[in-house]
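As a plain string of letters, each chain reads:
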Amino acid sequence: RDRRRRVPRRAAMADDGEGSLPKATVAKMISERLPPGLKLTAEVKEMILEACNEFVQCVSSEANEISTKENKSTIMPEHVVGALESLDFASYVETVSAAMLEMKEEGKELRAEKKKKKGMQMTPEEALAMQQKMFAEAKARYESGEPAAAPAGPPVAAPPPEPPVDAQAGSLE
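Residues numbered from 1 in each chain as written. Predicted model: local features only at pLDDT ≥ 70, side-chain atom pairs only at ≥ 80, totals over all residues. Heavy atoms only, no water.

Asks: Is there a simple way to explain a negative patch on the surface in this structure?
Replies: Together, Glu102, Glu106, Glu109 and Glu113 give the surface a local cluster of negative charge. Assignment of secondary structure puts Glu113 in helix H5 (residues 93–120). (Patch = residues over 30% accessible without salt bridge, like charges linked within 9 Å, V, L, I, M, F, W, Y side chains within 5 Å. Areas by Shrake-Rupley, 256 points an atom, 1.4 Å probe, with all protein chains shown as cover. Salt bridge = Lys/Arg side-chain N within 4 Å of Asp/Glu carboxyl O. Lys, Arg positive; Asp, Glu negative; His and termini not counted. Charge placed at Lys NZ, Arg CZ, Asp CG, Glu CD. Helix = DSSP H or I, 4+ residues; strand = E, 2+ residues; numbered from the N terminus.)

Asks: So what exactly am I meant to see when it comes to the pattern of salt bridges here?
Replies: Counted by the stated rule, this structure contains 4 salt bridges. Of the charged contacts, one joins Glu137 and Lys133 as a salt bridge, the two residues approaching to 4.0 Å between their closest N and O atoms. Separated by 4 residues within a single helix, Glu137 and Lys133 lie in helix H6 (residues 124–144), roughly one turn from each other. Take Glu137: its relative accessible area is 38%, and that puts it in the partly exposed class. Residue classification places Lys133 among the exposed residues on the basis of a relative accessible area of 54%. (Buried < 20%, exposed > 50% of the residue type's maximum accessible area, 1.4 Å probe, protein only.)

Asks: In this structure, what is going on with helix H3 (residues 42–69)? I would like to understand it.
Replies: At 3.6 residues per turn, the α-helix brings residues three or four places apart onto the same side. If you check H3, its first and last C-alpha atoms are 41 Å apart, about what 28 residues at 1.5 Å a residue would give, namely 40 Å. Within H3 the residues assigned to the buried category are Glu46, Leu49, Asn53, Glu54, Cys58, Val59, Glu62, Ala63, Ile66 and Ser67. Directly after H3, the chain includes Asn71, whose backbone phi takes a positive value near 55°. (Expected span 1.5 Å × (residues − 1).)

Okay, here's the thing in structure tokens:
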């Protein structure tokens, strides 16, 4: 069966909307991988963009078929790997699997950071309530004549005690 989607050249060139890769991103990826001094015409860049879009479309379509056969409503990374193998792109499986593991690790780290930050953060309402409570406590202390709370920071050391006065050492004979 033929999985390729035929798109008229002019329609593909004008299409930079939904379902297509961003032209600027693809152009940047192309330029980063070209040998120094080699340039591509706009038409060649457009052809590469079309090929990339076609590749993504084919792989996602095949991954969708695999997930549907498994009665899944979400395409999982395993479905994409299966699609690559099904479309005879098995040589990409190792690279894609490594990238998938890397992304999973990054995701774990990001979730851990978010969780850590969430534990330390408070909502604006909570911050305002805490601030108002602290102001009220400070005002009450001020009005009652209590000494102010000790400032935050390292404790201030008390002066060293004076040595005891020796009665015999202090007399003159």
